[in-house]
Amino acid sequence: MREMHLNLFIFGCGHHRAAWRHPQSAVEQLSDISYYTNLAQIAERGKFDAIFFADWHAIDNIADGPRSYFDPLTLLAALAGVTEKIGLISTVSSTFTTPFHAARTLASLDHLSKGRIGWNVVTSMFDSEARNHGYESMPPHEWRYGRAAEFIEAVQKLWDSWDADTITCDRSSDYARKDGLRAIHHKGEHFTTQGPLTIPRPPQGQPVLFQAGASDQGRALAAEKAEAIYAVAYDLPAAQDYYRDIQRRAKLAGRSAGIPVMPGLVTYVASTQAEAKAKQRELDELLPTADSLRQLGMFIGQDCSGWELDAPVPTLPPLEDFTGPKGRYATILRIIETEQPTLRQLLGRLAAGGGHCTIVGTPEAIADQMELWWRNEGADGFNLMPPSLPSSIEDFVEQVVPVLQKRGLFRSDYQTDTLRGHLCLPLTDKP
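It should be emphasised that the depicted structure is a prediction, and the values quoted were computed from it without experimental measurement.

Our focus in this paragraph is the overall build of the protein. When helices and strands are tallied, the protein shows 14 helices and eleven strands. The C-alpha radius of gyration computed for the protein amounts to 22 Å, which stays within 12% of the reference 22 Å derived for 431 residues, consistent with globular compactness. Here the C-alpha coordinates of the protein stretch approximately 75 × 50 × 45 Å along the principal axes. Counting across all 431 residues of the protein, residues that qualify as buried make up 55%.

The structure is reproduced here in structure tokens:
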């Protein structure tokens, strides 16, 4: 039976840019593993499919607040030992990582977690990141996506360089079957790697591949390669457009099964609508205007520090003329077109989640909207982006999850031990 999928996207003190400023924030605990352990265990108590960490390779403006603290792959290793069922997903940059390094690290984590690892492949975004890896600026979009496709291919070949039953531990004969592993001799435009991998085949066969590209090339890569997709969708029509386009592309690529799509979702939960709005307003009022303008400028690729706050947002270039990350920019254009906000109102709208769907209300009202998207080709589940941590995810697990469970939309307990199992994806037992 089809059920909703839920991931927790853990981000600093929460996805609201001012969350760390709140008197009850956990900002002093970001270097303490117990903070992340607590979040992972809250999500596991809620029977979530997985927790997810993004990654960045440069610091923008440290005064704005914390973005990330630990290397996410290292963090997953620690969390694997204090959780039992929940999946563990990290972003991996195909622009800044080699296939062998990624394949070995992710295979190691899949063994440590007994089959609960996923990887979200990204091409990275900013010149400041590129300069930390020997580039003068970020390579062209088309080049990065060509590299990403080959990166995925080479990593999966390395995982497939071991048969699942290679290790025999036959004390009277050999430790392993010599014919159970093989070199891959990969030589492409971007990478050369001989193989085989130095660690046996992962328990899942291959860790689950996520993708989040919104550009035409990103969608093409997702439709051809991804096993699950993170999406940006401001409202149901936008979600449906993306969902249907991805499934159409997947069919054209010869894939028979649908790809689970999980848009980002920001929720403010309370027993009444007024109380939920008060929670949102409390965070919004902590946001310094200069920081918010700087964030908007990053999203739209121009300096907006001199724009009038209480006037309509100036006309922005059309999507086809924008050279930066297109998914978030398209969402901002849609918010402006639909809501016609002043600049001040737009800053508040983007303060948490940067244009992802935001629902403010009671547990039942939030569940209503989630169910609407789920039943109408808007989502197979959601990537929860709590505005404040841990309070917002505690509210969601304690108040919204029981409503979803009562409606038969979400599991009441785990039925499997692997991330593939949670996502109803087959194990890749053999190369």
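Take the packing of helix α10 (residues 326–339) against helix α11 (residues 343–350) next. Put simply, α10 and α11 touch, their axes get as near as 11 Å, and they point 130° apart. Taken together, the axes of α10 and α11 are oblique relative to one another. The two elements α10 and α11 cross, and the hand of that crossing is right-handed. Contact residues: Ile-332, Ile-335, Ile-336 and Glu-339 in α10; Leu-346, Arg-349 and Leu-350 in α11. Of the residues belonging to the contact of α10 with α11, the class tally is five nonpolar, no polar and two charged.

So, on to the UniProt feature "binding site: FMN" (unreviewed entry) in the protein. As recorded in UniProt, the sites labelled "binding site: FMN" (unreviewed entry) are Asp-55, Thr-91, His-141, Tyr-145 and Ser-215. Within the fold, Thr-91 resides in strand β3 (residues 87–93). Excluding residues that lie within four positions of it along the chain, Thr-91 makes contacts with Phe-52, Phe-53, Ala-54, Asp-55, Asn-120 and Val-122. The topology assignment puts Tyr-145 in helix α5 (residues 141–159). What makes Tyr-145 buried here is its relative accessible area of 10%.

Next up on the list: the UniProt feature "domain: Luciferase-like" (unreviewed entry) in the protein. The UniProt record marks residues 19–380 with the feature "domain: Luciferase-like" (unreviewed entry), using the residue numbering of this structure. Along residues 19–380 one finds 40% helix and 12% strand; the C-alpha atoms at either end are 28 Å apart.

It is worth spelling out unusual backbone geometry at this point. Residue Pro-196 is reached from Gly-195 by a cis peptide bond, and omega for that bond is 0°. Within the secondary structure, Pro-196 sits in the loop between β6 (192–193) and β7 (208–211). The linkage connecting Leu-389 with the following residue, Pro-390, adopts the cis geometry, with an omega of 5°. With respect to the element layout, Pro-390 can be found in the loop between β11 (381–384) and α13 (391–406). With a phi close to 65°, Ser-124 is a non-glycine residue in the positive phi region. Inspection of the secondary structure puts Ser-124 in the loop between β4 (117–122) and α4 (127–130). Residues other than glycine seldom take positive phi values, yet Gln-340 does so here, at roughly 45°. Tracing the chain through its elements places Gln-340 in the loop between α10 and α11.

With that out of the way, let us pick up the domain arrangement of the protein. By the assigned domains, the protein splits into domain 1 (5–262 + 375–423) and domain 2 (272–361). Placing a centre on the C-alpha atoms of domain 1 and another on those of domain 2 gives a separation of 26 Å. Taken together, the contact between domain 1 and domain 2 spans 26 residues of the former and 26 residues of the latter. Here domain 1 meets domain 2 over a buried area of about 2300 Å², counting both sides, of which 63% is carbon and sulfur. Across the contact surface, domain 1 and domain 2 share two salt bridges. Arg-334 is the salt-bridge partner of Asp-235, the closest N and O atoms lying 3.0 Å from each other.

Thresholds, definitions, all that
Residues numbered from 1 in each chain as written. Predicted model: local features only at pLDDT ≥ 70, side-chain atom pairs only at ≥ 80, totals over all residues. Heavy atoms only, no water. Helix = DSSP H or I, 4+ residues; strand = E, 2+ residues; numbered from the N terminus. Rg over C-alpha atoms; globule rule 2.2 N^0.38 Å. Buried < 20%, exposed > 50% of the residue type's maximum accessible area, 1.4 Å probe, protein only. Axes fitted to C-alpha atoms, helices over the stretch in contact; angles between N-to-C directions. Parallel < 35°, antiparallel > 145°, perpendicular 65-115°, else oblique. Left-handed = near helix turned anticlockwise from the far one by under 90°. Contact = heavy atoms within 4.5 Å. Nonpolar A, V, L, I, M, F, W, Y, C, P; charged D, E, K, R; others polar. UniProt positions renumbered as here; feature names shortened; annotations may be inferred. Domains from an automatic or database assignment. Buried area = accessible area lost by both parts, 1.4 Å probe. Salt bridge = Lys/Arg side-chain N within 4 Å of Asp/Glu carboxyl O.

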